[in-house]
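The residues making up each chain are set out below.
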Amino acid sequence: YRCIGSLMLAIACITFFARRVEDTKSQQLVLNGCILGFAVMCITLGTMTVIQAGHLIGGTIVFAVLTALSLYKRVTH
């Protein structure tokens, strides 16, 4: 759980500090990082749910949605 929390904190910090990026290439790089981070979280939580290490279906769904939204924004950007 500490690894998951630290990854979430890292994603939040990167997103917060990159909110005023105006260059299109830099925005794409930030979105790629968010997509990768959210996907890793979704896979990790999904794996933990499957091996019954915890009841984390809600978290898995949340990170799947965040990954899809970030990917959609990246593709349409």
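What you see as residue numbers is a count from 1 along each chain, following the sequence as written. For this predicted model, a pLDDT threshold of at least 70 governs which residues receive local features, and a threshold of 80 or more governs which side-chain atom pairs are given and counted, while totals over whole chains, interfaces and linings are taken from all residues. Think of the side-chain values as coming from all heavy atoms in the structure, minus any hydrogens and water.

S.K.: Got a sec to walk through the packing of aromatic side chains? Specific residues and values, please.
M.R.: Any two rings among Phe, Tyr and Trp, with Trp reduced to its six-membered ring, count as a pair given centres within 6.5 Å; such a pair is stacked if its planes are under 30 degrees apart, edge-to-face if over 60, and tilted if neither. Going through the model one piece at a time under the given rule, you end up with one aromatic pair. Ring centres 6.1 Å apart and planes at 40° place the aromatic pair F38 and F63 in the tilted group. Placement of the pair is F38 in helix α2 (residues 24-50) and F63 in helix α3 (residues 57-76), with a sequence separation of 25 residues. In this pair, the class of F38 matches that of F63, namely buried. To qualify as a helix, a DSSP run of H or I must reach at least 4 residues; to qualify as a strand, a run of E must reach at least 2; elements of each kind are numbered from the N terminus. Each residue is assigned to one of three classes by its accessible area relative to the maximum for its type, calculated with a 1.4 Å probe on protein chains only: buried under 20%, partly exposed between the two thresholds, exposed over 50%.

S.K.: Pulling in residues and values, what's your account of the confidence of the model for the protein?
M.R.: The predictor's confidence in any single residue is recorded as pLDDT, a number from 0 to 100. Here the protein shows a mean pLDDT of 81. Residues at 70 or above account for 96%. Per-element averaging of pLDDT across the protein places helix α1 (residues 2-17) at the bottom with 76 and α2 at the top with 84.

S.K.: With reference to specific residues and values, describe α2.
M.R.: The end-to-end C-alpha separation of α2 is 38 Å, in line with the 39 Å expected for 27 residues at 1.5 Å each. Looking at α2, one finds that the buried residues are Q28, L31, C34, I35, G37, F38, M41, C42, L45, G46 and M48. Positive backbone phi, at 60°, marks Q52, one or two positions downstream of α2. Expected span, for any helix, means 1.5 Å times one less than how many residues it has.

S.K.: I'd like a description of the nonpolar core, backed by residues and values.
M.R.: If you look at the biggest cluster of nonpolar residues, it comprises 10 residues: I4, I11, C34, F38, M41, C42, L45, M48, L56 and F63. At the level of elements, α1 and α2 are the ones that each hand at least two residues to this core. The leading source of residues in this core is α2, at six residues. The nonpolar core is taken to be a set of buried Ala, Val, Leu, Ile, Met, Phe, Trp, Tyr and Cys residues, with the residues joined through side-chain atoms within 4.5 Å.

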